Amino acid sequence: MLENSLRFFLLYKVVIALYYLPMQGKKRVAFVSAAYLVIETMWAVGTINWGTAARHHIPAFGLLLLGAFSCPRKLR
């Protein structure tokens, strides 16, 4: 439950970054978040049990962190 709460918070930060960044920054964050969603969708379709799904969240987590912390504090 904590991992999913953290994931939800980071997705919220991506949405905030998309709101506050200038157009060039929005394009980059949108690309990273689209790549994250594609990877997560591929793993969701291809995994059967919880253990495999939990292990496969790890590669995409870096993309989520990159998108979530792309907006500097002074823009918010």
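These lines cover the structure that appears in this document, whether it is placed above or below.

This paragraph deals with the packing of aromatic side chains. Taken as a whole and judged by the stated rule, the model has one aromatic pair. Judged by centre distance (5.0 Å) and plane angle (90°), the rings of Y19 and Y20 are edge-to-face. The exposure class of Y19 is exposed, given its relative accessible area of 60%. On the basis of relative accessible area, Y20 is assigned to the partly exposed category, the value being 37%.

Next up on the list: helix α4 (residues 58-68). Of the positions making up α4, those classed as buried are A60, L64, G67 and A68. Looking straight down α4, one finds that the buried residues subtend no more than 95° of arc, so they occupy a single side. Every exposed residue of α4 that faces more than 90 degrees away from the buried side is listed here: I58, P59 and L66. Considering only its buried residues, α4 is in contact with α1 (2-20) and α2 (23-46).

By the secondary structure assignment, G62 is in helix α4. Overall, G62 belongs to the partly exposed group, its relative accessible area being 41%. The spacing of G62 and N4 is 58 residues in sequence and 15 Å in space, taken between C-alpha atoms.

Conventions and cut-offs
Residues numbered from 1 in each chain as written. Predicted model: local features only at pLDDT ≥ 70, side-chain atom pairs only at ≥ 80, totals over all residues. Heavy atoms only, no water. Phe/Tyr/Trp six-rings, centres within 6.5 Å; stacked < 30°, edge-to-face > 60°. Buried < 20%, exposed > 50% of the residue type's maximum accessible area, 1.4 Å probe, protein only. Helix = DSSP H or I, 4+ residues; strand = E, 2+ residues; numbered from the N terminus. Arc of directions from axis to C-beta. Contact = heavy atoms within 4.5 Å.

Scope: geometric values only; no functional claims are made or implied.
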